[in-house]
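Single-letter residue listing:
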Amino acid sequence: MKSKKMVIGYAIAIFLLVFVITFNSVCSITQFDVRFDTGSAGASASAEKVQDRLDAYLKKSYLFFSEEKVYGIVADVCKEDGTYLKVLSVKKHFPNKVSVRVEEEYESYAFSAGGQYYVTDADGKLLKVKDSAASNIGGENIVISGAFTFSSAEAGTALICDQEETFSLLLRLLSAADIALGGVRGRFSAVEYIVRSGTEFFRFAFTEGVEIWLTNVGAENNETEARFAAALTAYAGLSDAEKTYGYLMPSGSDPDAVPEHNPGEYDLAG
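Residues numbered from 1 in each chain as written. Predicted model: local features only at pLDDT ≥ 70, side-chain atom pairs only at ≥ 80, totals over all residues. Heavy atoms only, no water.

Participant: An account of unusual backbone geometry is requested, with residue identities and associated values reported.
Facilitator: Cis geometry is adopted by the peptide bond preceding Pro 95, which originates at Phe 94 and carries an omega value of 10 degrees. Relative to the helices and strands, Pro 95 resides in the loop between strand S2 (85-93) and strand S3 (97-104). Even without being a glycine, Ser 197 presents a positive backbone phi close to 50 degrees. Take Ser 197: it is sitting in the loop between strand S10 (188-196) and strand S11 (199-206). Exposure remark for Ser 197: the relative accessible area of 81% places this residue in the exposed category. (Helix = DSSP H or I, 4+ residues; strand = E, 2+ residues; numbered from the N terminus. Buried < 20%, exposed > 50% of the residue type's maximum accessible area, 1.4 Å probe, protein only.)

Next comes the structure, spelled out in structure tokens:
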């Protein structure tokens, strides 16, 4: 009786061993389907490094592979290379495939404060604090200077501005300009937030030379976006020569009215 139980026990053990070996063989990772959306040479090189590190898990157990490993690998590579890659999704497809989507995060704006540049994406997410406004994809980021001050600057999180509502308004205006102009990179040479005698201004300097001035842009003024849209319409109607000088200052009395092109310089004191 005892020997019969031992035989049954051995049979069960062998069966389980064979089952585990077979199951592990069937459920070993055979493919990492990684889709990268990158635009800079640095991010493309980082993408190749990410792929290589993921491929090291080929033939490893599918069941015990954690999606968090992907996030960790991408974070480590970006830290090493000084690049910005964002994991959009990680999906495991039984029994042996893992699909990953990764995209590059692009620098857009460089907020100048305290001798440094707080470089963000288009949504205001801080990517890096730099000593220059140089962009990770070539050229320079749009420099935004003036009266903004910042109380929090942790990379990977939203840049916290002390003038929160005015800061959010500016980001919305830049987003609107990005749509209206077919992209703002290379269109503005400078953007400035000015506070004089309790009055707040935005100055948008185009690379050609003409400027848009928005007065009374305090958070309580809900016409600023309409006035800016009217100014962009006026800019689009200028000749190439007219775009090289002067300024556009939309009226507060009729925010939808297309402003006239003023040939001189805007007198802030006036």
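Participant: Give me the lowdown on helix H2 (residues 41-55), citing residues and values where you can.
Facilitator: Compared with an ideal rise of 1.5 Å per residue, which puts 15 residues at 21 Å, H2 spans 21 Å between its outermost C-alpha atoms and is within 8% of the ideal. For H2, the set of buried residues is Ala 43, Ser 46, Ala 47, Val 50, Gln 51 and Leu 54. Looking straight down H2, one finds that the buried residues subtend no more than 145 degrees of arc, so they occupy a single side. Set apart from the buried face of H2 by more than 90 degrees, the exposed residues are Ala 41, Glu 48 and Asp 52. Tucked inside the fold, the buried residues of H2 contact strand S1 (31-37), helix H3 (68-81), S2 and S3. (Expected span 1.5 Å × (residues − 1). Arc of directions from axis to C-beta. Contact = heavy atoms within 4.5 Å.)

Participant: Any details on the pairing of strand S6 (residues 126-130)? Residues and values, ideally.
Facilitator: For strand S5 (residues 116-120) and S6, the ladder comprises four bridges, and the chain directions are antiparallel. Along S6, the bridge assignment pairs Tyr 117 with Lys 130. (Pairing = 2+ DSSP bridges.)

Participant: Explain the sheet that holds strand S14 (residues 261-262) residue by residue, including any values.
Facilitator: A sheet is described by the order of its strands in space; here nine strands give the open sequence S6-S5-S4-S7-S10-S11-S12-S13-S14, paired in mixed fashion. In the strand order of this sheet, the two ends are held by S6 and S14, each with one partner. Relative to the sheet, helix H4 (residues 164-180) contacts strand S4 (109-113), strand S7 (142-146), S10, S11 and strand S12 (211-215), its axis offset from that of S11 by approximately 25 degrees. In the packing of helix H5 (residues 224-236) onto the sheet, the strands contacted are S11, S12 and strand S13 (247-248), and the crossing angle to S12 comes to about 160 degrees. (Axes fitted to C-alpha atoms, helices over the stretch in contact; angles between N-to-C directions.)

Participant: Help me get a handle on the nonpolar core, residues and values and all.
Facilitator: Counting 37 residues, the largest nonpolar core has Phe 111, Phe 148, Phe 188, Phe 202 and Phe 204 as its most contacted members. Ranked by residue count, the leading element in this core is H4, at seven residues. Leave out the neighbours within four places in its chain, and Phe 202 touches Phe 148, Thr 166, Leu 169, Leu 170, Leu 173, Glu 192, Tyr 193, Ile 212, Trp 213, Leu 214 and Val 217. With 20 residues, the next largest nonpolar core counts Val 50, Leu 54, Tyr 62 and Val 77 among its residues. (Core = buried A, V, L, I, M, F, W, Y, C linked by side-chain atoms within 4.5 Å.)

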